[in-house]
Amino acid sequence: MSRILKLGFVLLVMVAGLAFHLRNDHPVMLDFYLGSISLPFSMYVIGAVCIGALLGIISVLPRLFRLKRENASLQRHIKINETELNNLRVIPVRDNH
C-alpha cells in the first residue's frame with residue numbers, strides 16, 4: 001500500500017513540475033562576469049531546488065554519521081550487558097540459613 005502511495009506522490013510531483021514548466025517556459029538571461037546563459041525560467045527553479053536539497057543533505061550528514069556511530073556503540077553495550085545478565089542467571093543462588 002505504501003508503495004502505491006509513494007508512486008502516486010512521485011507522479012503528482014512530476015505532473016506539477018511539468019505543468020509549471022509548460023506555464024513558465026520563457027527564456028531568462030542570467031548574466032555572469034565572464035558570460036551569460038539563457039535558459040527557461042523553470043530550469044533555474046529546478047536548479048535552485050536541487051542545490052538547496054544537496055546543501056540540506058550535506059548539512060545533515062555529520063549528525064547522521066555521529067548518531068550511527070553512537071547507535072553502534074550502544075548496541076555493543078547492550079550485547080555485553082545481555083551476555084553478563086545471561087551469565088548471572090545461570091549462577092546458582094546460595095541460601096545461608
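Figured I'd write up the structure that's included with this text. (Residues numbered from 1 in each chain as written. Predicted model: local features only at pLDDT ≥ 70, side-chain atom pairs only at ≥ 80, totals over all residues. Heavy atoms only, no water.)

With that settled, consider the overall build of the chain. A count of helices and strands for the chain gives 2 helices and 2 strands. Sequence-ordered secondary structure for the chain, helices as α and strands as β, is α-β-β-α. For 97 residues, the compact-globule formula gives about 13 Å, and the C-alpha radius of gyration of the chain, at 28 Å, lies well above that figure. Seen along its three principal axes, the alpha-carbon backbone of the chain occupies a region of about 95 × 40 × 15 Å. Looking at the 97 residues of the chain, the share that counts as buried comes to 1%. Within the structure as shown, the chain displays about 9,400 Å² of accessible surface, and the carbon and sulfur contribution to it stands at 69%. (Helix = DSSP H or I, 4+ residues; strand = E, 2+ residues; numbered from the N terminus. Rg over C-alpha atoms; globule rule 2.2 N^0.38 Å. Buried < 20%, exposed > 50% of the residue type's maximum accessible area, 1.4 Å probe, protein only. Areas by Shrake-Rupley, 256 points an atom, 1.4 Å probe, with all protein chains shown as cover.)

Quick look at a nonpolar patch on the surface now. The grouping of Ile 51, Leu 54, Leu 55, Ile 57, Ile 58, Val 60, Leu 61, Leu 64 and Phe 65 at the surface amounts to a nonpolar patch, some 860 Å² of accessible area in total. Summarising the element assignment, Ile 57 is placed in helix α2 (residues 41–90). (Patch = residues over 30% accessible without salt bridge, like charges linked within 9 Å, V, L, I, M, F, W, Y side chains within 5 Å. Salt bridge = Lys/Arg side-chain N within 4 Å of Asp/Glu carboxyl O.)

The next subject is helix α1 (residues 2–23). Its 22 residues place the ends of α1 31 Å apart at the C-alpha level, agreeing with the 32 Å of an ideal helix rising 1.5 Å per residue. Of all 22 residues that make up α1, 0 are buried, and the element is exposed over most of its length. (Expected span 1.5 Å × (residues − 1).)

Further remarks concern α2. An ideal rise of 1.5 Å per residue puts 74 Å on 50 residues; α2 measures up with 72 Å between its terminal C-alpha atoms. When the local axis directions of α2 are compared, the greatest deviation, roughly 35°, occurs at Leu 61, which is followed within four positions by the proline Pro 62. (Bend = angle between axes of the 7 residues up to and from the residue.)

So, about the pairing of strand β1 (residues 27–31). By the criterion of burial, β1 is predominantly exposed, with just 0 of the 5 residues buried. Bridge count between β1 and strand β2 (residues 36–40): 5 bridges; the pairing is antiparallel. Residue pairing in the sheet places Pro 27 in a bridge with Pro 40 of β2. Here β1 folds back onto β2 in antiparallel fashion, the turn holding 4 residues. (Pairing = 2+ DSSP bridges.)

This part covers the packing of aromatic side chains. Under the criterion given, the structure shown has 1 aromatic pair. Measuring from centroid to centroid gives 6.3 Å for Phe 20 and Phe 41, while their planes differ by 50°, and the two rings are tilted. On the criterion of sequence distance, the pair formed by Phe 20 in helix α1 and Phe 41 in helix α2 is long-range, its members being 21 residues apart. Residue Phe 20 is classed as partly exposed on the basis of its relative accessible area, which comes to 32%. (Phe/Tyr/Trp six-rings, centres within 6.5 Å; stacked < 30°, edge-to-face > 60°.)

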